[in-house]
Structure formats: C-alpha cells, structure tokens
Amino acid sequence: MKNIGFLSFGHWSPQRGSATRTASDALLQAIELAVAAEELGLDGAYYRVHHFARQHASPFPLLAAVGARTSKIEIGTGVIDMRYENPLYMAEDAGAADLISQGRLQLGISRGSPEQVIDGWRYFGYAPAEDETDADMGRRHAQVFLQMLEGQGFAEPNPRPMFPNPPGKLRIEPFSEGLKDRIWWGAGSNKTAEWAAMLGMNLQSSTLKDDETGEPFHIQQAKQIRAYREAWKAAGHSRKPRVSVSRSIFALMNDQDRMYFGNGGKGDDSVGFIEQQRSIFGRSYADEPDRLIEQLKGDEAIAEADTLLLTVPNSLGVDYNAHVIESILSHVAPALGWR
C-alpha cells in the first residue's frame, strides 16, 4: 500500500489551448481538483510554490480553502522556498491552515531552487548573514520555523496587555498540536536528506537531484532514501518517518491521452547543470496500462517510498486531470500493490 497524491504547479496562461487562463482559474481549479481527487479516493493534494511566475505562489490561502472544502485528503506543498519566508509569520499561517483542515496539513519546505528572477528573496526583504549562502539562509529559516512549531513560549509579555495573557512567555498563535511531525524537507542531495532526518523532518524527493554517482536517477534516489532512513535511525527519533517521491505518470486510456502523451514518455533520464551543480532529471512515464505497470516495477525509488506524488498537467483542466488520476488508481495502482 502507498499513499498517492497529486502535485500541481498551478500553471496559468492566456495562450490558446489553456484551460487555466488566469490566476483566479488556477486557484479555483486547484480547489476543485482536490475535491474531485478526494471523491476518487486519492490520499493527498499537494501544490508547488514558485515566486515571480504564473504559477501557485503564496500557499496558505489555497491550503486553507482546500481544507475547508474537503474532509479526508491530506493537503500539502512541494515545496515552499524558505529563503522567501518569515518563519514566525509562516508558523501563524501554517497553524491556522492546519486547524481549518483539522490536522491534515503536510508541508513540504526546502532551501529553494533557481527562480524567475535573480536573488528574488532580496525583493522580499531577506539577505544571507555574513559568511552565509542563500541556501544556508533557507535552512536557518527552516530551523526557526521548526522551533516555532514546538509551541514553547519565547516572547516577553507586555505587563499591561490589551487582552489577558496566559502565564509565562508567549508563543506563536494559533498553535496546532502535531504539525511539527508533518513537515517535509525537499532534499536535492544525500547530505541534505541526512540533515533533514537529524532534524526530524519527513523527506520529499522529486524528479531532480544532484548527480552524485552517475547511476540512473531512480537508483540514486533509492540510495538517498536509504541514507535518510539510516540517519533517522541514528538520530533516535521515536516516530516512523515518511518519504515521498514525485513522478509524471500517464496511462494512455483513450485518444485524448494519446494526443497529449502518446510519445511513450521520456525513456531516459537527462543530465544538466543547476547553479554549477551537475544534476540528474528523472524520466517520465506514459504508456498503455499493462506496459506502464511493467516499467514502474523497475523503479527502485518508488518501491522505497511510502508516498507517491503524481505531477498533473493542471492547465488541461479539472475534468481531464481527474481522469488522469482515476486512470492510475483504477488501472495501474492495484497491479503494483499500491492499492
């Protein structure tokens, strides 16, 4: 059994052929897709966060709205770039969204990836400290955020407050018990996966990571997951961690599917450079269900993970994406033991 969710980038474009033409379309359709996915029996609705782009950006209004419209499905991100975040204000937003959803929030966070503008976090008012990189800053923001989610008081109360205070120092409110155990780190390397394990975060691993051994992507990703679990065990945490991987998977069920994805998927991984780091990009999968099942059996990282996030082409509209999800749940997942 696996938890299966969708991951949407929330693309919108006024170009011909797009069913998601405005930012309003992207947000409202994101909510409707979560409702449809819950009805189909999917386990999670996850949203990517990109600044300065025609995609989902500020996640918490969307997460809260999805939480108010659904009752069972997990609601999360993959991932929030912590270089852009005020950790204290984020803890308030996260606490509120988690309470609205009654404890269903699963927040993926990360040090971030290249964005649409140069050093975009500077426009948000953030800059690395002396002798600190922007990645270091993102990790520092993440650690402060985790500390806020512990719920300990730290702020000295005003002796003449406007409203009565509880005794002692004050914490961030609203506070949602248990949210700290539902924070995930988007790791691009083995080292950062091990760092996340030490801090007690769950692991999100996408279709991109540092090319550390030259082996196929799914093998490197499986090794990353094993290294993470070893680090978790060494850290002595009491709970069992969760691990997710992302994949583009399309079952070709009809002529429309074949029109969009009938080239059979990208058969091989690809390699490129991101910020001078050699990186490997995992392949996508698109085929008839029986052939798709055989291909997916060989993906070691999917086998290692407990959660699979299906990247969806959100700009093709809610109905088509619900069909994509239903095709995987009905015609692929059972044969692989995911359901």
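About the thresholds
Residues numbered from 1 in each chain as written. Predicted model: local features only at pLDDT ≥ 70, side-chain atom pairs only at ≥ 80, totals over all residues. Heavy atoms only, no water. Axes fitted to C-alpha atoms, helices over the stretch in contact; angles between N-to-C directions. Helix = DSSP H or I, 4+ residues; strand = E, 2+ residues; numbered from the N terminus. Parallel < 35°, antiparallel > 145°, perpendicular 65-115°, else oblique. Left-handed = near helix turned anticlockwise from the far one by under 90°. Contact = heavy atoms within 4.5 Å. Nonpolar A, V, L, I, M, F, W, Y, C, P; charged D, E, K, R; others polar. Pairing = 2+ DSSP bridges. Expected span 1.5 Å × (residues − 1). Buried < 20%, exposed > 50% of the residue type's maximum accessible area, 1.4 Å probe, protein only.

Peer 1: Explanation requested: the packing of helix α2 (residues 59-69) against helix α3 (residues 87-100) in the structure shown.
Peer 2: A pair of packed helices is captured by two measures, namely the crossing angle of their axes and the spacing between those axes. Contact pair α2 / α3: the axes reach a minimum separation of 8 Å and the direction vectors enclose 15°. Judged by the inter-axis angle, α2 sits roughly parallel to α3. When the axes of α2 and α3 are compared, the crossing they make is left-handed. The residues of α3 that touch α2, namely those facing F60, L63, A64, G67 and A68, are M90, D93, A94, A97 and I100. Of the residues belonging to the contact of α2 with α3, the class tally is eight nonpolar, one polar and one charged.

Peer 1: Hey, could you run me through the sheet that holds strand β12 (residues 277-281) in this one?
Peer 2: What links the strands of a sheet is backbone hydrogen bonding, and the strands pair in either a parallel or an antiparallel sense. Spatially, three strands are ordered β8-β12-β11 in an open sheet, and the strand pairing comes out antiparallel. Pairing within the sheet leaves two strands with one partner each, and these edge strands are β8 (208-210) and β11 (270-274). Between one strand and the next, the sheet's axes are offset by a mean angle of 35°, whatever the strand orientation. Looking at chain direction, β8 and β12 are connected through three bridges and run antiparallel. Note that in β12 the partner of L208 across the bridge is F281.

Peer 1: Sorry, what's going on with helix α7 (residues 217-235) here?
Peer 2: A turn of α-helix holds 3.6 residues, and therefore any two residues three or four places apart point the same way. Across its 19 residues, α7 extends 27 Å between first and last C-alpha, which sits within 8% of the 27 Å expected from 1.5 Å per residue. Those residues of α7 not exposed but buried are F217, H218, I219, Q220, Q221, A222, Q224, I225, A227, Y228, A231 and W232. As for α7, its buried residues are in contact with α6 (190-199), β7 (202-205), β8, β9 (243-247), β12 and α10 (300-304). G236 sits one or two residues past α7 and shows a positive phi near 80°.

By themselves, these figures tell us nothing about what the structure is for.
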